[in-house]
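Okay, here's what each chain looks like letter by letter:
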Amino acid sequence: MAKGLLTDEDIDSALAALEGWRREGDALLKDVPVTPDSHGWLTEAVMNEAAVLDHHPEIEHTSDGIRFRLSTHSAGGVTARDVELAARIDHVLDGAAPDRG
């Protein structure tokens, strides 16, 4: 196993704590339904979080919103840095969500 790669068990545990994320091959994915006018600020907010971690997520604009794909290419799969960025993306999304109180 390449240095830094998480085991299947580690990934399953991490996914249990991350709402709406799933594993696809060697990456973590999340589809976020947002309107096209939200793509810009959301992409920028996520890239700011990624820069803190020196990470480079794949962000795809879809007809229904945005898809985030996280994988550490240098390690060949999912690492703790991907899990950390997923949690940071969720934090950005939680801050953007309307007050549910």
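See above for the structure.
Quick summary incoming for the structure in this document. (Residues numbered from 1 in each chain as written. Predicted model: local features only at pLDDT ≥ 70, side-chain atom pairs only at ≥ 80, totals over all residues. Heavy atoms only, no water.)

### Observations concerning helix α1 (residues 8–17)
Buried within α1 we find I11, A14 and L15. The buried side chains of α1 occupy one side of the element, clustering within an arc of 100° when seen end-on. Residues of α1 that are exposed and angled more than 90 degrees away from the buried face: E9, A16 and A17. (Buried < 20%, exposed > 50% of the residue type's maximum accessible area, 1.4 Å probe, protein only. Helix = DSSP H or I, 4+ residues; strand = E, 2+ residues; numbered from the N terminus. Arc of directions from axis to C-beta.)

### Quick word on the nonpolar core
The tendency in soluble globular proteins is for nonpolar side chains to be buried as a group. One finds W21, L28, L42, F68, L70, V83 and I89 to be the most contacted residues of the largest nonpolar core, which totals 24 residues. Among the secondary structure elements, those contributing two or more residues to this core are α1, β2 (27–33), α2 (39–52), β4 (65–70) and α3 (80–96). Once you skip the residues sitting within four places of it in the chain, V83 turns out to touch L6, A14, L18, L28 and V78. (Core = buried A, V, L, I, M, F, W, Y, C linked by side-chain atoms within 4.5 Å. Contact = heavy atoms within 4.5 Å.)

### Things to note about the pairing of strand β3 (residues 58–61)
Bridge count for β3 against β4 is four bridges, and the pairing is antiparallel. Of the residues in β4, the one forming a bridge with E60 is R67. Between the end of β3 and the start of β4, which pair antiparallel, lie three residues. (Pairing = 2+ DSSP bridges.)

Worth remembering: the numbers are spatial, not functional.
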